[in-house]
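A look at the structure
Okay, here's what each chain looks like letter by letter:
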Amino acid sequence: MRFSMTCTIISDEKKFDIFRKNESIPLCNKIKTMLLSEIWQLYCRGYDRFWLNCEWNIPMWCAEIITAMKMYNDIRLYIAMPYEEQASGWDEKHRERFFDVHADADKVIMISDYYTKDCFHLADMHMINNSDRVLIIGNDRAELFGSKYAVEHDIPVEYMFK
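Reading guide: rules and limits
- By convention here, each chain's residues receive numbers from 1 onward along its written sequence.
- With the structure being a predicted model, the display of local features is reserved for residues of pLDDT at least 70 and the display and counting of side-chain atom pairs for 80 or more, all residues being used for whole-chain, interface and lining totals.
- Calculation of side-chain values draws on the structure's entire complement of heavy atoms; hydrogens and water are dropped beforehand.
- Any pair of Phe, Tyr and Trp rings, taking the six-membered ring for Trp, is counted once the centres come within 6.5 Å. Such a pair is stacked with planes under 30 degrees apart, edge-to-face with planes over 60 apart, and tilted for the rest.
- Note on conventions: DSSP H or I runs of at least 4 residues are helices, E runs of at least 2 residues are strands, and numbering of each starts at the N terminus.
- The buried label goes to any residue with under 20% of its type's maximum accessible area, the exposed label to any with over 50%, and the partly exposed label to all in between, with areas taken from a 1.4 Å probe on protein chains only.
- Lines fitted to C-alpha atoms define the axes here, with helix axes fitted over just the stretch in contact, and angles between the N-to-C directions of these axes take values from 0 to 180 degrees.
- When an angle is under 35 degrees it counts as roughly parallel; over 145 it counts as roughly antiparallel; between 65 and 115 it counts as roughly perpendicular; any other value is oblique.
- Two helices crossing with the near one rotated counterclockwise from the far one by less than a right angle form a left-handed crossing, whereas a clockwise rotation gives a right-handed crossing.
- The criterion used for residue contact is that any of the two residues' heavy atoms lie within 4.5 Å.
- For this scheme, ten residues count as nonpolar: Ala, Val, Leu, Ile, Met, Phe, Trp, Tyr, Cys and Pro. Four count as charged, namely Asp, Glu, Lys and Arg, and the remainder, Gly too, count as polar.

**Overview of the packing of aromatic side chains**
Taken as a whole and assessed by the stated rule, the structure comprises eight aromatic pairs. Their ring planes at 55° and their centres at 5.2 Å tell us that Trp-51 and Tyr-78 sit as a pair that is tilted. Of this pair, Trp-51 sits in strand 2 (residues 47-52) while Tyr-78 sits in strand 3 (residues 76-81), placing them 27 residues apart in sequence. Neither Trp-51 nor Tyr-78 differs from the other in exposure class; each is buried. A centroid spacing of 5.1 Å and a plane angle of 75° characterise the contact between Trp-90 and Phe-98, whose relative ring orientation is edge-to-face.

**Concerning the packing of helix 1 (residues 26-44) against helix 2 (residues 58-69)**
Relative placement of two packed helices is described by the angle separating their axes and the distance separating the axes. In contact at an axis separation of 10 Å, helix 1 and helix 2 are set at 55° when each is read in the N-to-C sense. In terms of orientation, helix 1 and helix 2 fall into the oblique class. Like other packed secondary-structure pairs, helix 1 and helix 2 cross with a definite hand, here right-handed. Residues Cys-28, Ile-31, Lys-32, Leu-35, Leu-36, Ile-39, Trp-40 and Tyr-43 of helix 1 form the contact with helix 2, whose participating residues are Ile-58, Trp-61, Cys-62, Ile-65, Ile-66 and Met-69. Looking at the contact of helix 1 with helix 2 residue by residue, the class counts come to 13 nonpolar, no polar and one charged.

Structure, rendered in structure tokens:
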């Protein structure tokens, strides 16, 4: 019997903002391939449950990777949705991807009914409190909320693309 472990994936969105409107940039596909490799390595180390907030770029790509992996692997996707209207200002294509990932998720928790200044931090706290490890993509700054919170709660943190 396999022992299940859970990993939260958090991204510093500012570092990847160049992909917000154009995922056809060649570097974007390279990053997605590296994310797939990292998630696969985590899975091989026993992490088979993943928490994400499904924000633009990295979190959404990771969610799409995990849902694709679910076809052939015992892997779970959990989403902590910061607020109900999270995707309301997104273009149609990205909104559709957002809802497709949510439909394929094993669990979706809505943190707030509406946007608040701390709803993203509350989502991070929920994900980290339910995880054995945190993978932070794009930043190694100690002041990043998720990193600081995980360290304060003795949850191991890994960094990718520092």
